[in-house]
Amino acid sequence: MELVLKGFGEVVKTVTFRVRRYDPEKKEMPKYMEYKVPVQRGMTVLDGVLYIKEHLDPSLAARYSCRMGICGSCAMIINGKERLACQTQILELNKDLIKVDPLGNYDTVKDLVPDLNKLFKNHESVKPYIVREEAEPYGEYIQLPEEREKYALFTECIMCGACLSACPTMATDDLYLGPQALAQAYRYIADSRDAGFNERLNLLDSKHGVWRCHFAGACSEVCPKGVDPALAIQLLRGVLSKNVFIKYKQNPAKLGPERASIKEVL
Amino acid sequence: MAIENKKGWISWFNPIKYGFDRWLFAMHRFTGIVIGLYLMAHVFETSNILRGPLTWNNVMVFLDWPFGIHFGPYILSALLLVVVFHALNGLRLTIVENGLMLVRPYRPEYPYKPKSLAGWNFALKIVLGILMIVISVFGIVYIFTGVIL
Amino acid sequence: MRESKIMLLQYLTGLFILVLGTFHMLLLSVLAPTSNKVLYQYASTNHTLIGGTLYYSTVTAIYHTLLWGSIFELLLTFLVFHIFNGFRIILSEQFPGAKAEKVITYSMLILGLVIFIWGSRTIVLMLLQGGI
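Residues numbered from 1 in each chain as written. Chains lettered and ligands numbered in written order. Predicted model: local features only at pLDDT ≥ 70, side-chain atom pairs only at ≥ 80, totals over all residues. Heavy atoms only, no water.

### So, helix 4 (residues 98-129) of chain C
Under the 1.5 Å per step criterion, the end-to-end length of helix 4 of chain C is 47 Å for 32 residues, consistent within 8% with the ideal 46 Å. Taken together, the buried positions of helix 4 of chain C are occupied by Glu101, Ile104, Met108, Gly112, Ile115, Gly119, Ser120, Thr122, Ile123, Met126 and Leu127 of chain C. Of the surrounding secondary structure, the elements contacted by the buried residues of helix 4 of chain C are helix 1 (20-46) of chain B together with helix 2 (56-63) and helix 3 (66-94) of chain C. (Helix = DSSP H or I, 4+ residues; strand = E, 2+ residues; numbered from the N terminus. Expected span 1.5 Å × (residues − 1). Buried < 20%, exposed > 50% of the residue type's maximum accessible area, 1.4 Å probe, protein only. Contact = heavy atoms within 4.5 Å.)

### What about a nonpolar patch on the surface?
Residue and element names in this part refer to chain B. On the surface, a nonpolar cluster with roughly 830 Å² of combined accessible area is contributed by Phe122, Ile126, Ile130, Ile133, Val134, Val137, Phe138, Val147 and Leu149. Along the chain, Phe138 falls in helix 4 (residues 120-145). Of the residues examined, Phe138 reaches a relative accessible area of 41% and is grouped as partly exposed. (Patch = residues over 30% accessible without salt bridge, like charges linked within 9 Å, V, L, I, M, F, W, Y side chains within 5 Å. Areas by Shrake-Rupley, 256 points an atom, 1.4 Å probe, with all protein chains shown as cover. Salt bridge = Lys/Arg side-chain N within 4 Å of Asp/Glu carboxyl O.)

### Details of the layout of surface pockets
By volume, the second largest pocket amounts to about 680 Å³. In terms of lining residues, the second largest pocket is bounded by 20 residues, among which Arg83, Gln87 and Pro224 of chain A together with Tyr110 and Pro111 of chain B are the most central. Elements supplying a minimum of two residues to the lining of the second largest pocket: strand 4 (81-84), helix 2 (90-93) and helix 8 (218-222) of chain A. When residues of the lining of the second largest pocket are assigned to their parent elements, the largest contribution, four residues, is made by strand 4 of chain A. Classifying every residue of the lining of the second largest pocket by side-chain character gives nine nonpolar, four polar and seven charged. Two domains each donate at least three residues to the lining of the second largest pocket, and these are domain 1 (11-114) and domain 2 (117-245) of chain A. (1 Å grid on protein atoms, 1.4 Å probe; cavity = no way out; pocket = protein on both sides within 12 Å on 5 of 7 lines; lining within 4 Å. Points joined across faces, edges and corners; volume = space filled by probe spheres on them. Nonpolar A, V, L, I, M, F, W, Y, C, P; charged D, E, K, R; others polar. Domains from an automatic or database assignment.)

### Notes on the domain arrangement of chain A
How big an interface is tends to be stated in terms of the accessible area lost upon association of its parts. Residues and elements named next belong to chain A. If you check the domain split of chain A, you get domain 1 (11-114) and domain 2 (117-245). Distance from the C-alpha centre of domain 1 to the C-alpha centre of domain 2: 30 Å. In this complex, domain 1 contributes 13 residues to the contact, which on the side of domain 2 involves 17 residues. Counting each side, the surface lost to burial between domain 1 and domain 2 is near 1100 Å², with a carbon and sulfur contribution of 52%. Three residues, Glu82, Asn105 and Tyr106, lead the burial of domain 1 against domain 2; their summed loss comes to 53% of the area buried on that side. Linking domain 1 with domain 2 are zero salt bridges, by the criterion used here. Taken together, the links from domain 1 to domain 2 amount to seven residue pairs in polar contact (both at pLDDT 80 or more). Those elements giving two or more residues to the side of domain 1 that touches domain 2 turn out to be strand 3 (75-78) and strand 4. Examining the composition of the side of domain 1 that touches domain 2, we find that three residues originate from one element, strand 4, more than from any other. (Buried area = accessible area lost by both parts, 1.4 Å probe. Polar contact = N/O pair within 3.5 Å; in protein donor to acceptor, adjacent residues only side chain to side chain.)

### Here's the deal with the pattern of salt bridges
In this structure the tally under the stated criterion is 23 salt bridges over all chains. Close ionic contact of Asp96 of chain A with Lys13 of chain A constitutes a salt bridge, the shortest N to O distance being 3.5 Å. Here Lys13 of chain A lies in strand 1 (residues 11-21) and Asp96 of chain A lies in the loop between helix 2 and strand 5 (97-101), a separation of 83 residues in the sequence. Residue class for Lys13 of chain A comes out partly exposed when judged on its relative accessible area of 23%. With a closest N to O distance of 3.9 Å, Arg92 of chain B and Asp21 of chain B form a salt bridge. A residue pair is termed long-range when its members are at least 10 positions apart, and Arg92 of chain B in helix 3 (residues 72-96) and Asp21 of chain B in helix 1 qualify at 71 residues.

### Quick look at helix 3 (residues 117-125) of chain A
All names here are of chain A. Residues Lys118, Leu119, Asn122 and His123 constitute the buried set of helix 3. An end-on view of helix 3 places all buried positions within 130° of arc, on one side of the element. Seen from the open side of helix 3, the exposed residues pointing more than 90 degrees away from its buried face are Lys121 and Glu124. Of the surrounding elements, those touching the buried residues of helix 3 are strand 7 (113-115), helix 5 (162-166) and helix 6 (179-189). With its phi angle positive at about 55°, Lys127 sits one or two positions after the end of helix 3. (Arc of directions from axis to C-beta.)

### Side note on the sheet that holds strand 3 of chain A
All names here are of chain A. The strand order 2-1-5-3-4 describes an open sheet built from five strands, whose pairing is mixed. Lying at the two open borders of the sheet, with one neighbouring strand each, are strand 2 (31-40) and strand 4. Taken over all neighbouring pairs, the strand axes of this sheet differ in orientation by 35° on average, direction set aside. Helix-sheet contacts for helix 1 (residues 45-56) involve strand 1, strand 2, strand 3 and strand 5, and the interaxial angle to strand 2 is about 105°. (Pairing = 2+ DSSP bridges. Axes fitted to C-alpha atoms, helices over the stretch in contact; angles between N-to-C directions.)

### Let's talk about the interface of chain A and chain C
Each partner contributes residues to the interface: chain A has 19 residues there, and chain C has 15 residues. Counting each side, the surface lost to burial between chain A and chain C is near 1500 Å², with a carbon and sulfur contribution of 58%. Ranking the residues of chain A by area buried against chain C places Lys207, Trp211 and Arg212 of chain A at the top, with a combined share of 35%. In this structure, the connection of chain A to chain C is made through three salt bridges. One salt bridge connects Glu3 of chain C with Arg212 of chain A, and the closest N-O pair in it is separated by 2.8 Å. Those elements giving two or more residues to the side of chain A that touches chain C turn out to be helix 7 (197-204) and helix 9 (229-245) of chain A. Grouping the constituent residues of the side of chain A that touches chain C by class yields six nonpolar, seven polar and six charged.

### Things to note about the interface of chain A and chain B
At the interface, 52 residues of chain A touch 36 residues of chain B. Where chain A abuts chain B, roughly 3500 Å² becomes buried across the two surfaces, and 53% of that area is made up of carbon and sulfur atoms. Taken together, the links from chain A to chain B amount to four salt bridges. Among the ionic pairs, Glu97 of chain B bridges to Arg237 of chain A, the shortest N-O distance being 3.6 Å. The tally of links from chain A across to chain B stands at 21 residue pairs in polar contact (both at pLDDT 80 or more). For the side of chain A that touches chain B, the secondary structure elements donating two or more residues are strand 4, strand 6 (107-110), helix 4 (145-152), helix 5, helix 8 and helix 9 of chain A. No other element matches the seven residues that helix 9 of chain A contributes to the side of chain A that touches chain B. Class assignment for the residues of the side of chain A that touches chain B results in 24 nonpolar, 14 polar and 14 charged.

### Describing the packing of helix 1 (residues 3-28) of chain C against helix 3 of chain C
Between two packed helices, both the angle of their axes relative to each other and the distance between the axes serve to describe the pair. All names here are of chain C. Contact geometry of helix 1 with helix 3 gives a least axis separation of 8 Å together with a crossing angle of 135°. By the angle class used here, helix 1 and helix 3 are oblique. As for how helix 1 packs across helix 3, the hand of that crossing is left-handed. Of the residues that constitute the contact of helix 1 with helix 3, the class distribution is 17 nonpolar, eight polar and two charged. (Parallel < 35°, antiparallel > 145°, perpendicular 65-115°, else oblique. Left-handed = near helix turned anticlockwise from the far one by under 90°.)

Printed below as a string of structure tokens:
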């Protein structure tokens, strides 16, 4: 029996892609180039970009990996808003002209590839791991499901960097930590197993730390995973402003029973 | 080294792509700058009171009728709008920026509408917005007619 | 000072300004010490001020009261802190960097002091004229 999918593989319409082309190695200003792309049902913007690369202009550079919204490589500014190219249906945009820009507030490596070094550096600087005083444990730290709910939302981050591009503070302030790093800082501070609040405090409370957020909410608006970094930053600020009066105390979770299997591996 | 693709302050005034809160941010900053510059002018203006009744009254009349046009009430109305907006939005920001009246961390669900901008935060925006309109109407009516509603 | 303390002061001064500023606005309308509560009362023939809440004698009457004088002084203090700290934040976001930071902080400090002294001078001298 042959299964016939209605309309599958048919070209529905032709849209124009206006793509920002820029190569820092050539001493040229960024320019926009237009490509006509036939659109089939179910085609994403990333498919459109790859169509251009395969059929029209092989010199176009774009970064992508999983094509299913997991890796966070293909964040671009599509029609003025930061989105994952692989999660944006061309037909759902409902426009004949699709403007594709690389993420703003970053250096550009080439064309649609932003240099995310800043994002990773800022992320690393807030110590995105559980900080404990004791040595490497041979068991798990004990955590209740309710305690996990306090930060579970912020673990969904895929580090696509869309929030830093949408952030209005980041648009002018290079030294700002950015929504992603601050949300991850809160994720670890709110974690009941963590004891590293004081180690992170100096950086978070600095001149370009958490207080340079002005709750414009753009980071949450564009986040492709619904992480809501703005919420994390405001909650983190709540912790910091209470910390002025009463020193914030973390009660790091207790260590569970030692496991022989872990000892063997280590 | 400067960031090549930096968007700059002009991107704050992008009115449609990012939703209401970013627009509020831009307006809060803009009104803040306006009020700050006004304070400097105001301190200079009020220091004229030390120079006697004639100077003071002349300055007041000049500010009400700059260059022979009755423009003073419009300036005062615009200033009132700016001040009321900054005051009420600042009140909201004082609350929410210290982590109060916000939702607890939740589980994200498609289509991923951020809940930090909704809920009590949104209710505050509505209530303070209505309050802003009411105060502005009272103020502007007073400025133009001298009638205290 | 730590940024969190500065920002806490920023929020607190904001709240105080909200309260005192409301009085300042009411003073121009409801609370004005004049029988005719209009901003400007002109003579019928030409643009000569003959009364209103911004008339010289009304304003001096306000300035000569110790209560209003101290409210103005407090309002000025909070406003100068709030505004120049706000300017510092805006400028340091616009021009990030350690060197620019220093220039911005000190220039805002000096400018704020100048405005504060200038405004206080008006208030204090007016109070002294009123016999306090």
